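Descriptive analysis of the structure
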Amino acid sequence: MTSCLRICIGCCLALLSWKALAQDANDLIKGLLIEASWLQHQQAQPLKDSGYKQLVINIQSSPTDSQLRALQRLTEHDLEVWYWIEIARDEQMAAQHPEWMASIQGHPEWRRFHPNFPKETQGEVVKVFPWVPVFFEGAFEAHFEKVNDLLEQWPSAKGVFLNDLQGAPTACGCGHTLCRWTTDYGPKTTARNLGHTAPAQFIKRVMEAHPDMECIPVWATECEAHDKDGLCAGVGCYNGACWREWSKQLAPISQATTHLAALLTYKELQRDLDVYGTRAGWIPKAIDSFASESKRFNHPAVPPERLIGILQGWNTTPEEETAQIRHLEKSGTHGFILSKMPITSEWEPRILKMDGKPQ
Ligand SMILES: [Zn+2]
Ligand SMILES: [Zn+2]
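Cut-offs applied
Residues numbered from 1 in each chain as written. Chains lettered and ligands numbered in written order. Predicted model: local features only at pLDDT ≥ 70, side-chain atom pairs only at ≥ 80, totals over all residues. Helix = DSSP H or I, 4+ residues; strand = E, 2+ residues; numbered from the N terminus. Rg over C-alpha atoms; globule rule 2.2 N^0.38 Å. Buried ≥ 20, exposed ≤ 12 C-beta atoms within 10 Å, placed from the backbone. Contact = placed C-beta atoms within 7 Å. Pairing = 2+ DSSP bridges. Axes fitted to C-alpha atoms, helices over the stretch in contact; angles between N-to-C directions. Expected span 1.5 Å × (residues − 1). pLDDT = per-residue confidence, 0-100. Parallel < 35°, antiparallel > 145°, perpendicular 65-115°, else oblique. Nonpolar A, V, L, I, M, F, W, Y, C, P; charged D, E, K, R; others polar. Core = buried A, V, L, I, M, F, W, Y, C linked by C-beta atoms within 7 Å. Right-handed = clockwise from strand over helix to strand, strands pointing away.

1. Topic: the overall build of the protein
Secondary structure summary: the protein contains nine helices and ten strands in total. The C-alpha atoms of the protein give a radius of gyration of 20 Å, which matches the 21 Å a tight globule of 359 residues would have. For the protein, the residues scored as buried account for 43% of the 359 residues in total. Considering only residue pairs separated by 6 or more positions, the protein has 80% of its internal contacts joining residues 24 or more positions apart.

In structure tokens form, the structure reads like this:
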């Protein structure tokens, strides 16, 4: 009885704190994501005139003097600075440690995109270049060092977005960019897997090292039922492992952070399909899946007010940007970041000898 009461009070407090998040319009995020190399040309006033409050900077190497001066100038105009760091998609790390790359095993449907790719032998495995997920022991440490070094080299900021903490595209071999629930769908492994809590452990490690910054994971959704006849090429992914493993990985992340970012770059992710009705009509569905798909597998729903939408602001018309923002604003989220730089999910197959030596 007492413990029930305690749990109930705990639930109420948790509910109240999520309610407290909802939602003073002035607190909502409205940010623009740019490359660090664009900093010198970025003016503050036009951004502020358009209602932008946050500037998110993609950092990949240490800052130059002119970038630091530009950053200083922008913060004087009251723009809040955040950073964006790409995790899994790392060409340099993939080249140095090909054994840490995710693999493509299981279904062969991905080969329709690479019809001339040679068949691997028993002593070989097909890797997903350049995807190096944090799930692998050595990669976890190397990515942490990368993030830590960057955050120490750049001036302090309000927070950091960490992109691609999941597995690699085409996880089961179906070829769908949004099937990324595993690192190895088969028996051939070349590194030790830390299990489904690895992304949450990674976030916690960064938060411990940088307690004064908000650390926000950027999370992609999985495939959908209608994809079976489309991008999943006949493989029954949606009713298979995809969302079950997705929700298992998301649940501990959701406990670790207040806000999460949802990757909603609908054109890049090939979600600009007629099946979604209106332009960018996939966006509300994707936001809803953080609640509905978590619940389908008995994990706590992640409600919209905890989500920050990452929208596509490259290769888009003004009408497409407006449509995305309109969907987003109606969905009750904690705001959005419009990315002006490409956030790519590209991959290509590479054969690796199982003894670790690249071919
Ligand atoms: Zn899938
Ligand atoms: Zn699939």
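2. Remarks on the sheet that holds strand β7 (residues 260-263)
Pairing in this closed barrel of eight strands is parallel, and the strands run β1-β2-β3-β5-β6-β7-β8-β9 around the ring. Sheet twist, expressed as the average angle between the axes of neighbouring strands with direction ignored, equals 25 degrees. Two elements, β7 and strand β8 (residues 307-312), share four bridges in a ladder whose sense is parallel. Looking across to β8, one finds that Ala261 is bridged to Ile308.

3. Digging into helix α5 (residues 137-153)
In this model, α5 (17 residues) spans 25 Å end to end at C-alpha, consistent with the 24 Å of a helix rising 1.5 Å per residue. Buried residues along α5 sit in contact with β3 (80-86), β5 (159-163) and α6 (198-209).

4. Focus: the confidence of the model for the protein
Caution applies to low-pLDDT regions: their predicted coordinates should not be interpreted in detail. Across the protein, the average pLDDT comes to 92, with 92% of residues at or above 70. Contacts for the low-pLDDT stretch residues 1-21, under 50 throughout, to residues beyond four places or in other chains number six contacts.

5. Let's talk about the packing of helix α7 (residues 242-256) against helix α8 (residues 282-296)
Put simply, α7 and α8 touch, their axes get as near as 9 Å, and they point 105 degrees apart. The pairing of α7 with α8 is recorded here as roughly perpendicular in orientation. Residues Trp243, Trp246, Ser247, Leu250 and Ala251 of α7 form the contact with α8, whose participating residues are Glu293, Ser294 and Arg296. Here the residues of the contact of α7 with α8 sort into four nonpolar, two polar and two charged.

6. Some remarks on the nonpolar core
Residues Val56, Leu162, Cys179 and Ala262 are the most contacted members of the largest nonpolar core, which totals 99 residues. Excluding anything up to four places from it in sequence, Ala262 contacts Trp219, Ala286, Ile287, Phe290, Leu307, Gly309 and Ile310.

7. Observations regarding the pairing of β8
With six of its six residues buried, β8 lies for the most part within the structure. Alternating positions in β8 separate into two faces, Leu307, Gly309 and Leu311 on one and Ile308, Ile310 and Gln312 on the other, with burial throughout. Each parallel crossover has a hand, and the one from β7 via α8 to β8 is right-handed. Across four bridges, β8 lies against strand β9 (residues 335-339) in parallel orientation. Its bridge partner lying in β9, Leu311 is registered against Leu338.

8. Examining the environment of Tyr52
One can find Tyr52 in the loop between α2 (44-49) and β2 (54-58). Judged by C-beta crowding, with 18 C-beta atoms within 10 Å, Tyr52 ranks as partly exposed. Residues Tyr52 and Ile29, spaced 23 residues apart in sequence, show a C-alpha to C-alpha distance of 8.3 Å. Contact partners of Tyr52, with chain neighbours within four places excluded, come to Lys30, Gly31, Leu32 and Leu47.

9. Thoughts on unusual backbone geometry
Cis rather than trans, the peptide bond between Phe129 and Pro130 has omega equal to -5 degrees. By the secondary structure assignment, Pro130 is in the loop between β4 (124-129) and α5. Backbone geometry at Asp78 places phi at a positive 75 degrees, although glycine is not the residue there. One can find Asp78 in the loop between α3 (65-76) and β3. If you check the backbone angles, Thr170 has positive phi at about 55 degrees while not being a glycine. Along the chain, Thr170 falls in the loop between β5 and α6. In this structure Thr170 comes out as buried when scored by C-beta crowding, with 28 C-beta atoms within 10 Å.

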